[in-house]
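# Fold and geometry: a report
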Amino acid sequence: MERKSLWTNYDNAQREALEKVNLLYRQCLDEGKTERECVSLTIRMAKENGYKDLKKLIADGTKLNIGDKVYIDYMGKSIALFQIGKKPLEEGMNILGAHIDSPRLDVKQRPLYEEEEFAYLDTHYYGGIKKYQWVAMPLALHGVVVRKDGTKETIVVGEKQDDPVFVITDLLPHLDREKRDKPMDKFIDAEKMDLLIGNLVAEDQEKEAVKNGILHILKEQYNIEEDDFLSAEFEIVPAGASRECGLDRSMIIGYGQDDRVCAFTSLFAMLEEKEVERTSCCLLVDKEEIGSVGASGMTSKFFENAVAEVMALTGAYSELALRRALANSKMLSSDVSAAFDPMFPEVYEKKNSAYFANGPVFNKYTGAGGKSRTNDANAEYIAELRKIMEDNDVKFQTAELGRIDAGGGGTIAYILAVYGMEVIDSGIAVLNMHAPWEVTSKADIYEAVKCYRAFLKAGFSDKV
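Figured I'd write up the structure that's included with this text. Everything quoted here is computed from the prediction, not taken from an experiment.

It is worth spelling out the sheet that holds strand β18 (residues 397-398) at this point. Strand-to-strand pairing in sheets goes through backbone hydrogen bonds, with the strands running parallel or antiparallel. Pairing is mixed across the open sheet formed by 9 strands, whose spatial order is β1-β2-β3-β13-β4-β14-β20-β16-β18. Of all strands in the sheet, those with a lone pairing partner are β1 (52-53) and β18, marking the two edges. Here strand β3 (residues 78-83) pairs with strand β13 (residues 279-285) via 5 bridges, running antiparallel. Paired with I79 across the bridge in β13 is L284. On the sheet, helix α7 (residues 302-313) packs against β2 (69-74), β3, β4 (93-99) and β13 and is oriented at approximately 30° with respect to β3.

Moving on to the pattern of salt bridges. Counted according to the given criterion, the structure contains 33 salt bridges. For K108, the salt bridge identified is with E191, shortest N-O distance 3.0 Å. Here the residue K108 occupies a position in strand β5 (residues 104-115), and E191 occupies one in the loop between α4 (177-180) and β9 (195-198), the gap between them amounting to 83 residues. Relative accessible area serves as the criterion here: at 24%, K108 is assigned to the partly exposed category. For E191, a relative accessible area of 49% puts it in the partly exposed group. Close ionic contact of E208 with K211 constitutes a salt bridge, the shortest N to O distance being 3.9 Å. Take E208: its relative accessible area is 40%, and that puts it in the partly exposed class. Residue K211 is classed as buried on the basis of its relative accessible area, which comes to 10%. Three or more residues are tied together by salt bridges with common partners; here these are E19, E244, R249 and K442.

The terminal C-alpha atoms of helix α9 (residues 379-391), which comprises 13 residues, lie 18 Å apart, in line with the 18 Å expected from a rise of 1.5 Å per residue. Within the span of α9, buried status applies to Y381, L385, I388 and M389. Down the axis of α9, the buried set is contained in an arc of 95°. They therefore lie on one face. Turned more than 90 degrees away from the buried face of α9, the exposed residues are A379, E380, R386, E390 and D391. On the buried face of α9, the contacting elements are β14 (330-334), β16 (361-363), β20 (422-427) and α11 (442-457).

The next point concerns empty space enclosed by the protein. This structure, assessed with the given rule, holds 1 cavity of 30 Å³ or more. By volume, the largest cavity amounts to about 30 Å³. Along its surface, the largest cavity is lined by G97, A98, H99, D259, E288, S333, S334, D335, T411 and I412. When residues of the lining of the largest cavity are traced back to their parent elements, those giving at least two are β4 and β14. When residues in the lining of the largest cavity are grouped by element, the largest group, 3 residues, is from β4. Taken together, the residues of the lining of the largest cavity break down into 2 nonpolar, 5 polar and 3 charged.

A few words now on the sheet that holds strand β10 (residues 232-238). Pairing in this open sheet of 6 strands is antiparallel, and the strands run β8-β7-β10-β5-β6-β9 from one edge to the other. For this open sheet the edge positions go to β8 (152-157) and β9, each flanked by a neighbour on one side alone. Averaged over all neighbouring strand pairs, the angle between strand axes comes to 30°, with direction disregarded. This element, helix α5 (residues 209-222), spans β5, β6 (118-126), β8 and β9 of the sheet and lies at about 125° to β5.

Helix length check: helix α6 (residues 257-272) (16 residues) gives 21 Å between terminal C-alpha atoms against 22 Å at 1.5 Å per residue, within 8%. Among the 16 residues in α6, 15 count as buried, and that is most of the element.

This paragraph deals with the packing of helix α2 (residues 35-48) against α6. Relative orientation of the contacting elements α2 and α6 amounts to 15°, with a least axis distance of 11 Å. Classified by the angle their axes make, α2 and α6 are roughly parallel. α6 is crossed by α2, and the crossing has right-handed handedness. Where α2 approaches α6, its residues E35, C38, L41, T42, M45 and A46 are matched on the opposing element by R260, F264, L267, F268 and L271.

Within the secondary structure, K131 is located in the loop between β6 and β7 (139-146). For K131, the residues in contact, after removing those within four places along its chain, are Y125, D185, I188, A190 and M193.

Two cysteines whose sulfur atoms are joined by a covalent bond form what is called a disulfide. In the structure shown here, the tally under the stated rule is 0 disulfides. No disulfide involves C262; its sulfur sits 9.9 Å from that of C451, the nearest cysteine. By relative accessible area, C262 is classed as buried at 0%.

Considering only enclosed or pocket space, the largest pocket measures out at about 1,200 Å³ in volume. If you trace the largest pocket, you find 43 residues lining it, with A338, L401, G408, M433 and H434 closest to the centre. When contributions to the lining of the largest pocket are tallied by element, the ones reaching two or more residues are β15 (337-338), β19 (408-409) and β20. Here the residues of the lining of the largest pocket sort into 16 nonpolar, 17 polar and 10 charged.

Conventions and cut-offs
Residues numbered from 1 in each chain as written. Predicted model: local features only at pLDDT ≥ 70, side-chain atom pairs only at ≥ 80, totals over all residues. Heavy atoms only, no water. Pairing = 2+ DSSP bridges. Helix = DSSP H or I, 4+ residues; strand = E, 2+ residues; numbered from the N terminus. Contact = heavy atoms within 4.5 Å. Axes fitted to C-alpha atoms, helices over the stretch in contact; angles between N-to-C directions. Salt bridge = Lys/Arg side-chain N within 4 Å of Asp/Glu carboxyl O. Buried < 20%, exposed > 50% of the residue type's maximum accessible area, 1.4 Å probe, protein only. Expected span 1.5 Å × (residues − 1). Arc of directions from axis to C-beta. 1 Å grid on protein atoms, 1.4 Å probe; cavity = no way out; pocket = protein on both sides within 12 Å on 5 of 7 lines; lining within 4 Å. Points joined across faces, edges and corners; volume = space filled by probe spheres on them. Nonpolar A, V, L, I, M, F, W, Y, C, P; charged D, E, K, R; others polar. Parallel < 35°, antiparallel > 145°, perpendicular 65-115°, else oblique. Left-handed = near helix turned anticlockwise from the far one by under 90°. Disulfide = S-S within 2.5 Å.

What follows is the structure, encoded as structure tokens:
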């Protein structure tokens, strides 16, 4: 199969639509730098498009009918949107699933300390990162503090033009000769990746004068005591907005595109659909980067419980009906793929790699080595998807995640496949994956929205 850049396909009207989609995407990417921010943004956009809070409908006993649109969030970190279709839920749903957590640094619960008149926040990295990439660059602090009385303070520092930023310091090349001989994963000690946040000596303080000055600022500006860090969640992310990349402005560079590039394009597709044959669902979840664990991760019962509640409000719930609805569903597990990088061709197999501006990527399987911990999609399902994409003039590509023994990765696909539903990994090719600044193609983002819309509209007919 011959590869052909999407840029050769688009006329002026399509390029205008492409730029509009990408502008909205960048706005979402900048506003949603944490999973909590992504959920808040999703709720706002959903309400603007006629979605109602499922929890309120459950409390009121309101029935759901064909065409109704609802959302349900879980702990403010995961969210599912549903649009009720014409066909009974028991015949299955069309599900778009993506994750909204990204590699980052988290602030520990007892983080604030002073060392030689510098104030620091102690950190713990989250997800698979190359630690050396996070030093000597401007960083921002995003998070929430929940006080003992239950009140919550949302804090973002480092994103506005006049905000201060923070940094993790690195050793100058004149003094790091011993470090240079260390393996990459040992080059930076994780316990030394602490955030530098102050150096000003507070007046009238004999001990820890810099730390006490920081505590004064926290109290004065945010009404935060030191003990409030115990019930806080702070995430350290790269400071600054996403940007267009390249002299031709054909790409986007920004933080957290794994996997928010798939999450937001899935959301756009979901919000654009006015009428569907099968109930459609957009599922945006937390904790994928650390194994999908925990109450807000995909291995929890959050999604299954949400489907049960939706079925109950349509008057169609039973344990058997729920099992049939899940088993008859079709899913795109939308997660990013490693884009072929000509600077490192030795870790890719060219024929089966993902390329920029070649459309969304379908990965029949991911995993590592001998396909361990993967979902291997059925040929019958892939054939259905080929027909759907062709009928809707969507250009797509297929790929694996690098050479067989070079590495590997996993997604949430295998978790949903447990229910017996058809699932395939799909997503967008990314350069610099898991780095503080990742790169994507505008053409792929635009084509992905088309892909996800086509999938949501599809009227799959088979059922168990």
